[in-house]
Amino acid sequence: MSIEESSYQIIRSKRKTISIEVTPELNVVVRAPRWVAKRDIRYFVDEKEGWIQKTIARLEKEREAAKDLPDAPLTGKELEELTLRARDIFPERVKHYAPMVGVTYGKITIRHQKTRWGSCSAKGNLNFNCLLLLAPPEVLDAIVVHELCHRKEMNHSERFYREVYRVYPDYDRWNRWLKGHGHLLRRRLG
């Protein structure tokens, strides 16, 4: 089965290579240099058809799994209860993973933000978004490990990610889940 030309969008720019992206909305976007012929783009898409179909199937499956996520805004009382639960759960998960990473940490703060899932200060203080409690527990653990690894590397270098994968090999899977569904969690803030 070949992908129809009308089923993907081409975006041309000053870039040097061709790339394909499947968005969370299941749109196929091809980014290409201005000088590449349309037939070459078509050939590239045909070559990547298997990957495109697999990615669409995975995203559809993730979408199906997320359809049960409630989307009504949290009431003030619900947000307060979620924050209180988070104050118990996050310290427990941090305490579990810190020895695996081989780091110490400072204060743990729970917030409810629309832009960040977690952060780590230079002093080792950790901040986490209480909305992570609405995601699968593996997502919460992925963020905890991510922030603890910043105690070793305050960047997103190859060394940083090597440490993340050493401690939490499934990191990509759950980070992808968060990228695909995080907007559903954030809209609960109203």
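As a reminder, the structure under discussion sits directly above these lines.
For the structure on display, the rule yields six aromatic pairs. Ring plane angle 80° and centroid distance 6.1 Å describe the contact between Tyr 97 and Tyr 168, whose orientation is recorded as edge-to-face. Of the two residues, Tyr 97 is situated in helix H3 (residues 76-101) and Tyr 168 in the loop between helix H5 (158-167) and helix H6 (171-186); the sequence distance between them amounts to 71 residues. With respect to class, Tyr 97 is no different from Tyr 168; both count as buried. Ring centres 6.1 Å apart and planes at 65° place the aromatic pair Tyr 165 and Tyr 171 in the edge-to-face group. A residue is classified by how much of its surface remains accessible, and Tyr 171, at 3% relative accessible area, is buried. Following the ring pairs from residue to residue traces out a cluster consisting of Phe 160, Tyr 161, Tyr 165 and Tyr 171.

What follows deals with the sheet that holds strand E6 (residues 126-129). Read from one edge to the other, the open sheet built from three strands follows the order E4-E6-E5, with strand pairing classed as mixed. On the outer flanks of this sheet lie strand E4 (108-111) and strand E5 (118-120), each paired with one strand and no other. Adjacent strand axes in the sheet meet at a mean angle of 15° when their direction is disregarded. Bridge count between E5 and E6: three bridges; the pairing is antiparallel. Looking across to E6, one finds that Ser 119 is bridged to Asn 127. Packed onto the sheet, helix H4 (residues 137-149) meets E5 and E6 and runs at close to 160° relative to E6.

The rules behind these values
- Residues numbered from 1 in each chain as written.
- Predicted model: local features only at pLDDT ≥ 70, side-chain atom pairs only at ≥ 80, totals over all residues.
- Heavy atoms only, no water.
- Phe/Tyr/Trp six-rings, centres within 6.5 Å; stacked < 30°, edge-to-face > 60°.
- Helix = DSSP H or I, 4+ residues; strand = E, 2+ residues; numbered from the N terminus.
- Buried < 20%, exposed > 50% of the residue type's maximum accessible area, 1.4 Å probe, protein only.
- Pairing = 2+ DSSP bridges.
- Axes fitted to C-alpha atoms, helices over the stretch in contact; angles between N-to-C directions.
- Contact = heavy atoms within 4.5 Å.

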